[in-house]
Every structure is written in structure tokens, then in C-alpha cells.
Amino acid sequence: MSTPRQPRETRAGLEPLAVLPVFVPLQDKRAVLAGSNGGAPWKVKLLAAAGARVDVYAEEPSDELRGVPAEIAAGSVTLHERRWTPEDLQGAAFAIGAMEDEDDCVAFVAAARAAGAIVNAVDRPHLCDVKFGAIVNRSPLVVGISTEGAAPVFGQTVRARIEAMLPRGFKHWVAAARDWREAVSARFHGFSERRGFWERFTDRAFAEPDRTPTEADLTDLMGQAEALPLGGAVTLVGAGPGDAELLTLKALRALRNADVILYDDLVAPEILDYARREARTMLVGKTGHGPSCRQDDINALMVSLAKSGKQVVRLKSGDPLVFGRAGEEIEACEAAGIPCTIVPGVSAAQGAAASLGVSLTHRDAARRLQFVTGHDRRGALPEDLNWGALADKSVTTVVYMPKRTLRALLERAVAEGLAPETPALVVFNATRAKQATVAGTAADLADRIEASELEGPALLMVGEAVRRHNARSAEQGMGIRAEAS
């Protein structure tokens, strides 16, 4: 028996940057950050990613800030657990004030400027010499998106849609954000409350980009933000079978709102790029027939994070409600009194069928569609499968996680009445760049799979609905076909 894996954090820091997005070269230069508010850890990572030697001064650093020195990918970070002094700023090229107290921040900014440093103050644009924007990192090409400090969340959403055309009307929304920022900060003192407001502001701007926002929008958005539940929560999100473009808009919003994302091995890495850069990402690997984190450990971690006030996204491949063990995680949240919502995703069966051009319920081939798991809790072929239903010639059967038991399943199905010549196929890496299929019949598919030596997540489809696809594959020879992604 393999040793269970443990959940582990995977976002170890920003990839190295040639320059900071304010276009200030910081390679081998000294930078100072003082304070430990919510934005401090990410700002330290940015400075280090640009190659700076960062000294951090914080009397009571958060656990996240303590962990930053071990996470950086470039530069260096030294944490000093004490209050800053004016002498600490000597020789600094760049300085960031990350304090909660306004007077302390004003004093820090004055001392930093006196020392000749460029200054940024987190969440205080009126004290900043420069402001940070959202970042697309393709170093040495670095793209910074700025709203001049008026709406950071708005800028982050623009980053996620950088390849799309930016509506001209955005200038009106940015102007409104600048004008409303002080009122929003006065109304909402907590970081998560303010972020909730600006998330909804951003969604409204994208929905109606060509009109100018009014005071009625401000009143309405504030009311929506006040109605949001306070405290931590869990959202189970379907990431789809692989192609990041199959994410739903609701899934994108959940990723943008997340403080922590717990994700499985089968989630495509590019999907995590849609998350806020400040969000922690933790691999809680769940892979078929391989080393996996125990479900109880995942449940405990998820509940613990939510109880600490975090917005937790549990990101699952496909749809979380289809063989995703969502039931156990929902029950764990209910038992702990944690709010839990579900964002469905494109299932592996839907994604695979669409990419193959297979109508699973073609009216000339199928009267019913059924999803079946290929293994039980022990990893063996389930003994309680409805073999009569699998043998029904008017049904399309989709088998999840079939690789280990595929031969036994098909042999048993044929023995129970499934016609040996029934068309069948296995699709590997559905909707991804390496997608490939092996086509055959219920009688010979297992042999074809073994001969193919293909790897990756797999899905078995059996029934007359796949006959047309298999005929196309047969024209290519061996029944192994790489699909266009």
C-alpha cells in the first residue's frame, strides 16, 4: 500500500521578473517593507521576484508573512521582527508601508522619501509615489495593468481577460472607482468586505461597459456587499476536464474571490492562472490508483481554513458532483457549520463527447445515458454494477476511472449479455492538447488499449452512439487517433 500524500502548498512565489511592473529596475538593490497588513506578503514576493534584497520589519508578522522567505523564486528576503526605524531606510531604493495605522504609515513614507527611496503605501494611494497594477509575467516581457490605485480588483480581472478587446467605456468605471474609493473604504473596514464590493463593481462594469456608472450603482453595490455573509466559507468548483476555456463565469468569480484554493492533480495548471495572485494554492492530490491525500485530511484542512475566516475553493476536475466525492466534503462542511456552495463544471463525459463529436444520446442509437464508476473503494471492479443495464443495446455507457479494471469490466459485460461487437472507445486526456482515443469493440478494446501504451486520465464509452466516431478512426488504420484540441 502506498504512503498517503500530504496536502502541500504549490505557489512558492512569483516567477522571476526582469523589472517590477512600475518599471523600476531593482536587481540587487535594497528594498524595505514595514508592517504586516493583508497585502504585505504579496508585495514582498513582488519585490523579491524583481531581484531585490528585501528587508521586512514587522512587530507581529502573520504566519503567511513568516513563510515568504522560504517561498521566493528570486532575490532575497530577511524578516526582522521589530518595529521599523528611520535608520532602516538608509540605502533603500524602494520602500513599501504596509501598516494598519494611518499616522504610522505617514511617518514611514516621510522617512522613506527623506532617505531617497521610491515609496508605495498599501491601500493608501494618496501616500504613494508609484502604484502596483495587475501583472502578466512573461519575463523579460512584463505587462503591468494599472487603474492608478482606484480599483485593484478591476485591474486583476482585466489581467485575466488581457487577450480580449478592452471596452472603451471602462474609463468611466475607473473614474467612478477613483471617486467612490474613499466612501467604500469608510463603509467597509474589512479587507474581504471591500474586495466583495469591488468584485461586484467589476462584474457590473464588464456587463455594462459602455454606460457611465451613477450614484445609484454605488448605493446598489454597497447594499449587495453588506448583504454578503461574513466569515469563512467553502465553494466546490468544477474545473472541467482540462481545457481552461470550458470554465464557467461563476467558476471564474469563485477563483477570483478565493483566499485558498485546494486542487487535485487532474486540474489543468493554466486554470490556476485565473486565481488572484495573492491566493494560496495547495495541491491535495487525488489520483486514481496512485499516492493520494486522504479524504479525511482534505476535509479537515478545508474546514480548518474556512473556520479561520478564509474563502476556500475546493477545485475539482470535471464536475464535483459526478464521481468527485463532493458528498463527503459537503457533509464535512455541514457538520462544522461552514457555508458550502457548489459551482458545477463541464463533466469529463461532456467534454470528451464534444471534442470527439459524439452525440451520447443520438436518437438513432440511444434511449438512455448512464455514468458508471470503474472501481470501488478498494480499487477493484464493483460487484454491484447493474450488468443488465450495461448490456442494454439502447444505452450509451460512460465509465469513469476505467483503466485498472477495463478488461475485467468489458469481459464481464459481454458475459452478461453485451454484444461483443458493440462499439467502444477510450479517450485519454479529454479536451487537452494530448487528447487521444483508442477505438474498438467490447471484445477487442482492452487489447488495443494495452498495445497503445497511452497514459493520462481516461474515460470509456460503450454503445452504438460511438459507432460513427469509430468508423472514422478505422479509416486511419489501428484505431488510435490524436484529436485536435
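Located above this text is the structure these notes cover.
The model shown is predicted, which means the values in this text are computed figures rather than measured ones.

### Regarding the overall build of the protein chain
If you tally the helices and strands in the protein chain, you get 15 helices and 19 strands. A total of 485 residues make up the protein chain; the buried ones form 52% of that total. Long-range pairs, those at least 24 residues apart, make up 68% of the contacts in the protein chain with a sequence separation of at least 6. Carbon and sulfur atoms provide 51% of the accessible area of the protein chain, an area that totals close to 22600 Å².

### Re the environment of Leu246
Position of Leu246 relative to the elements: it lies in the loop between β9 (233-238) and α8 (249-257). Given the relative accessible area of 28%, Leu246 is considered partly exposed. Distance in space between the C-alpha atoms of Leu246 and Val346 is 6.8 Å, their sequence separation being 100 residues. With residues near it in sequence (within four places) discarded, Leu246 still touches Pro241, Val346 and Thr431.

### Notes on the sheet that holds strand β2 (residues 30-35)
Strand order in this open sheet of five strands is β4-β3-β2-β5-β6, and the pairing throughout is parallel. In this open sheet, the two strands that pair with only one neighbour each are β4 (76-80) and β6 (118-121). Neighbour-to-neighbour, the strand axes of the sheet open up by a mean angle of 15°, direction not taken into account. Here five bridges tie β2 to strand β5 (residues 94-98), and the two strands are oriented parallel to one another. If you follow Ala34 over to β5, its bridge partner there is Gly97. In the packing of helix α1 (residues 40-49) onto the sheet, contacts are made with β2, β3 (53-57), β4, β5 and β6, and the angle to β2 comes to roughly 180°.

### Quick notes on the state of the cysteines
Cysteine pairs can be covalently joined through their sulfur atoms, and such a bond is termed a disulfide. Enumeration according to the criterion identifies zero disulfides in this entry. The closest cysteine sulfur to the non-disulfide-bonded Cys128 is located on Cys105, 7.8 Å from its own sulfur.

### Some thoughts on the packing of helix α6 (residues 191-207) against α8
Packed helix pairs are characterised by how far apart their axes lie and by the angle those axes make with each other. Taken N-terminus to C-terminus, the directions of α6 and α8 make an angle of 150°; their axes are 11 Å apart at the nearest point. One way to sum up the angle between α6 and α8 is to call them roughly antiparallel. Regarding α6 and α8, the two cross each other, and that crossing is right-handed. Across the interface between the two elements, Arg195, Glu199 and Asp203 from α6 touch Arg253, Arg256 and Asn257 from α8.

### Examining helix α9 (residues 295-307)
With 13 residues, α9 should cover 18 Å at 1.5 Å per step; its first-to-last C-alpha distance of 18 Å lies within 8% of that length. Taken together, the buried positions of α9 are occupied by Gln295, Ile298, Asn299, Leu301, Met302, Val303, Leu305 and Ala306. The inward-facing, buried residues of α9 contact β9, β10 (260-263), β11 (280-283), β12 (311-316) and α10 (326-336). At the C-terminal side of α9, Gly309 shows a positive phi close to 100°.

Cut-offs applied
Residues numbered from 1 in each chain as written. Predicted model: local features only at pLDDT ≥ 70, side-chain atom pairs only at ≥ 80, totals over all residues. Heavy atoms only, no water. Helix = DSSP H or I, 4+ residues; strand = E, 2+ residues; numbered from the N terminus. Buried < 20%, exposed > 50% of the residue type's maximum accessible area, 1.4 Å probe, protein only. Contact = heavy atoms within 4.5 Å. Areas by Shrake-Rupley, 256 points an atom, 1.4 Å probe, with all protein chains shown as cover. Pairing = 2+ DSSP bridges. Axes fitted to C-alpha atoms, helices over the stretch in contact; angles between N-to-C directions. Disulfide = S-S within 2.5 Å. Parallel < 35°, antiparallel > 145°, perpendicular 65-115°, else oblique. Left-handed = near helix turned anticlockwise from the far one by under 90°. Expected span 1.5 Å × (residues − 1).

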